[in-house]
Amino acid sequence: MSVRVMVRAQIREEDAAAFEAAFAEVTRKVRGTPGHVRDELLRAEGEPGSYILLSEWESRQAFMDWEDAPIHRQTTTPMRPYWSGPVARTIYDLAVRLV
């Protein structure tokens, strides 16, 4: 069953453009990782610097395998300097899909 991983991040307002560019770089590197489906970066309207990073994985195990691999930290390093507060991650199982 597929999962969505949601990461909430607060970025300094002056770093928003650089953070978005770093996200795009990381997404290009993650593309092709076994089990990875897609990534999205959501920016909250009216809340400068408030983001949600949303990724879709074929399974919880595929995500955990990637997250536990040493390459995970190396791959996501370009985004890390821009985080200005605690980062909260939640994994959601797909409950219903309507097509």
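Everything in this summary refers to the structure shown in the same document. Remember, predicted model here, so these are calculated numbers, not experimental data.

**Remarks on helix α2 (residues 60-68)**
Turning to α2, its buried residues are A62, F63 and W66. End-on, the buried residues of α2 take up no more than an arc of 95 degrees, which puts them together on one face. Residues of α2 that are exposed and point more than 90 degrees away from the buried face comprise Q61 and D68.

**Section: the environment of I52**
Examined against the element boundaries, I52 turns out to sit in strand β3 (residues 50-57). Note: C-alpha distance between I52 and E13 (39 residues apart in sequence) is 15 Å. Once residues within four sequence positions are removed from consideration, I52 is found in contact with M6, V7, R8, E40, L41 and L42.

**A look at the layout of surface pockets**
Within this model, the largest pocket holds a volume of roughly 360 Å³. V7, L53, W66, H72 and T76 are the residues nearest the centre of the largest pocket, which is lined by 22 residues in total. Taken together, the elements giving at least two residues each to the lining of the largest pocket come down to β1 (3-10), α1 (16-30), β2 (36-43), β3, α2 and α3 (70-76). Residues of the lining of the largest pocket, tallied by class, amount to 13 nonpolar, four polar and five charged.

**Regarding the sheet that holds β2**
Sheet architecture is open: four strands sit in the order β2-β3-β1-β4, paired in antiparallel fashion. Of all strands in the sheet, those bounded by a partner on one side alone are β2 and β4 (88-93). Put simply, the sheet's adjacent strands are angled 15 degrees from each other on average, direction ignored. With seven bridges connecting them, β2 and β3 associate as antiparallel partners. Across the sheet, D39 pairs through a bridge with S55, a residue of β3. Across the sheet, α1 lies against β2 and β3, angled at about 175 degrees from β2, the strand it touches most. Contacting β1, β3 and β4, α2 runs over the sheet at an angle of about 150 degrees to β4.

Basis of the calculations
Residues numbered from 1 in each chain as written. Predicted model: local features only at pLDDT ≥ 70, side-chain atom pairs only at ≥ 80, totals over all residues. Heavy atoms only, no water. Buried < 20%, exposed > 50% of the residue type's maximum accessible area, 1.4 Å probe, protein only. Helix = DSSP H or I, 4+ residues; strand = E, 2+ residues; numbered from the N terminus. Arc of directions from axis to C-beta. Contact = heavy atoms within 4.5 Å. 1 Å grid on protein atoms, 1.4 Å probe; cavity = no way out; pocket = protein on both sides within 12 Å on 5 of 7 lines; lining within 4 Å. Points joined across faces, edges and corners; volume = space filled by probe spheres on them. Nonpolar A, V, L, I, M, F, W, Y, C, P; charged D, E, K, R; others polar. Pairing = 2+ DSSP bridges. Axes fitted to C-alpha atoms, helices over the stretch in contact; angles between N-to-C directions.

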